[in-house]
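# Notes for the structure review
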Amino acid sequence: MATTFQTAVKKNVSSTQRYKAIDSLVRAREATNLGIIVRMGGLRGEFRRHALNGLADCNAMTTLEELSEDTTVEPSLRRKAEELI
């Protein structure tokens, strides 16, 4: 999954490829990597939200709880994580 994760976060990758990579991480239930994507400040919000929704899709409630309480995560993403729990 390291290659899939790298595809999701590399700067020179198309949006379509990033979405597909995040979807692959969701299918593989890679909650840790999805949580990292949500926390990444340099990544566009649309990808971070997609990863956050993916965490809900794979029932990663522990990770969603951690994100909802993590003050380093953008407030809008924290609120969304809270809603998804």
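These numbers come from a predicted model, not from an experiment.

This paragraph deals with the overall build of the protein chain. Scanning the protein chain from terminus to terminus reveals six helices and zero strands. Mapped in sequence order, the helices and strands of the protein chain form the string α-α-α-α-α-α. Rg of the C-alpha trace for the protein chain: 12 Å, near the compact-globule value of 12 Å for 85 residues, within the 12% margin. Seen through its principal axes, the protein chain has C-alpha atoms that stretch 30 × 25 × 15 Å. Residue burial in the protein chain is summarised as follows: out of 85 residues, 40% are buried. Considering only contacts within the protein chain whose residues lie at least 6 apart along the sequence, 48% involve residues at least 24 apart. Taken as a whole, the protein chain presents about 4,900 Å² of accessible surface, with 46% of it coming from carbon and sulfur.

Our focus in this paragraph is the nonpolar core. Most often, soluble globular proteins have nonpolar side chains that are buried together. Among the nonpolar cores identified, the biggest contains 24 residues, and I22, L34, I37, V38, L52, L55 and L67 are the most heavily contacted of them. Breaking this core down by element, the ones donating at least two residues are α1 (2–9), α2 (15–27), α3 (31–39), α4 (45–57), α5 (61–69) and α6 (75–84). Looking at which element gives the most residues to this core, the answer is α4, with five residues.

Counting across every chain of the model gives one aromatic pair. Over the aromatic face of F47 sits the side chain of R18, whose NZ or CZ is 5.1 Å from the ring centroid.

Right, let's get into unusual backbone geometry. Of note, R29 is a non-glycine position whose phi angle comes to about 55 degrees, a positive value. Relative to the assigned elements, R29 resides in the loop between α2 and α3. Judged by relative accessible area, R29 falls into the exposed class, the value being 54%. The backbone of N59 sits at a positive phi, close to 55 degrees, despite the residue not being glycine.

What follows concerns the environment of R18. The residue R18 is located in helix α2 in this model. With twelve residues separating them along the chain, R18 and Q6 place their C-alpha atoms 9.2 Å apart. When residues no more than four places from it in sequence are discounted, the contact partners of R18 are T7, A8, V9, K10, K11, V13, L43 and F47.

Rules used throughout
- Residues numbered from 1 in each chain as written.
- Predicted model: local features only at pLDDT ≥ 70, side-chain atom pairs only at ≥ 80, totals over all residues.
- Heavy atoms only, no water.
- Helix = DSSP H or I, 4+ residues; strand = E, 2+ residues; numbered from the N terminus.
- Rg over C-alpha atoms; globule rule 2.2 N^0.38 Å.
- Buried < 20%, exposed > 50% of the residue type's maximum accessible area, 1.4 Å probe, protein only.
- Contact = heavy atoms within 4.5 Å.
- Areas by Shrake-Rupley, 256 points an atom, 1.4 Å probe, with all protein chains shown as cover.
- Core = buried A, V, L, I, M, F, W, Y, C linked by side-chain atoms within 4.5 Å.
- Phe/Tyr/Trp six-rings, centres within 6.5 Å; stacked < 30°, edge-to-face > 60°.
- Lys NZ or Arg CZ within 6 Å of the ring centre and 35° of its normal.

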